[in-house]
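Spelled out, the chains give:
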There are 2 protein chains.
Amino acid sequence: MLEKTTRMNFLFDFYQSLLTPKQRSYMELYYLEDYSLGEIAEEYEISRQAVYDNIKRTEAMLEEYEYKLLLFEKFQTRKQLINQCKELVKENEPLSRLLSELEKLE
Amino acid sequence: MLEKTTRMNFLFDFYQSLLTPKQRSYMELYYLEDYSLGEIAEEYEISRQAVYDNIKRTEAMLEEYEYKLLLFEKFQTRKQLINQCKELVKENEPLSRLLSELEKLE
């Protein structure tokens, strides 16, 4: 479950701009702020089942976007490569600075 | 016009997986293979206007995806940073190899 949560957090991070405001709100409460389905249902005055269905659909959408665009997978590969570069240039300050900028660019 | 074509080629490259097969076909013929609207209309036995409308809608979709995900913009920034790194490490072969791998990862 922890692994799934981490993955969903990353996928949400990469693709949240493609979701509707409502989808974004439910996902934020559930995955980032650790609300239960019941608490979200109460907050929005809808059924627990409706919240559950919405979140499941959103999770499937995020996986579908990842399947098509691979942003998370590429991010991981890029991170590995950048770390290897950093290992190789520990004493080279200007280059280390550029690599850090590259790393932030996700 | 050339600038717009280049931009559309890049946006198509980044977001084509989010288009329908029909949208992809028209864009490929128009932007990559340089067909005219009339030629595409003939090929698909539809009106020139229908082809035009479809391509205009697809262009707007690609711009909307870029507005939301910024893949092309980040690609350009990343490319600049990687080129600066390469300038700094011209004689360092292992690092140059890693940077080339990073560069291919778009």
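If you're wondering where the values come from, they're calculated on a predicted model, not measured in any experiment.

## Some details on the nonpolar core
Next, step 1: Judged by nonpolar contacts, the single largest core of 44 residues is most densely connected at Tyr15, Ile55 and Leu62 of chain A together with Tyr15, Ile55 and Leu62 of chain B.
Next, step 2: If sequence neighbours within four positions are ignored, Leu62 of chain A has contacts with Met8, Leu11, Phe12, Tyr15, Leu19 and Met27 of chain A.
Next, step 3: Membership of the second largest hydrophobic core comes to 16 residues, among which are Val89 of chain A together with Val89, Leu95 and Leu98 of chain B.

## Focus on the interface of chain A and chain B
Next, step 1: Facing the 25 residues of chain A at the interface are 24 residues of chain B.
Next, step 2: Around 2,400 Å² of area is buried between chain A and chain B when both sides are counted, 78% of it from carbon and sulfur atoms.
Next, step 3: Scanning the region where chain A abuts chain B turns up 0 salt bridges.
Next, step 4: Counting across the interface, chain A meets chain B through 4 residue pairs in polar contact (both at pLDDT 80 or more).
Next, step 5: Among the elements of the structure, helix H1 (2–15), helix H4 (48–69), helix H5 (71–88) and helix H6 (93–104) of chain A are those that each provide at least two residues to the side of chain A that touches chain B.
Next, step 6: For the side of chain A that touches chain B, the element with the highest residue contribution is H5 of chain A, accounting for 9 residues.
Next, step 7: Grouping the amino acids of the side of chain A that touches chain B by side-chain chemistry returns 17 nonpolar, 3 polar and 5 charged.

What counts, and where the lines are drawn
Residues numbered from 1 in each chain as written. Chains lettered and ligands numbered in written order. Predicted model: local features only at pLDDT ≥ 70, side-chain atom pairs only at ≥ 80, totals over all residues. Heavy atoms only, no water. Core = buried A, V, L, I, M, F, W, Y, C linked by side-chain atoms within 4.5 Å. Buried < 20%, exposed > 50% of the residue type's maximum accessible area, 1.4 Å probe, protein only. Contact = heavy atoms within 4.5 Å. Buried area = accessible area lost by both parts, 1.4 Å probe. Salt bridge = Lys/Arg side-chain N within 4 Å of Asp/Glu carboxyl O. Polar contact = N/O pair within 3.5 Å; in protein donor to acceptor, adjacent residues only side chain to side chain. Helix = DSSP H or I, 4+ residues; strand = E, 2+ residues; numbered from the N terminus. Nonpolar A, V, L, I, M, F, W, Y, C, P; charged D, E, K, R; others polar.

No statement about biological role is implied by the geometric values presented.
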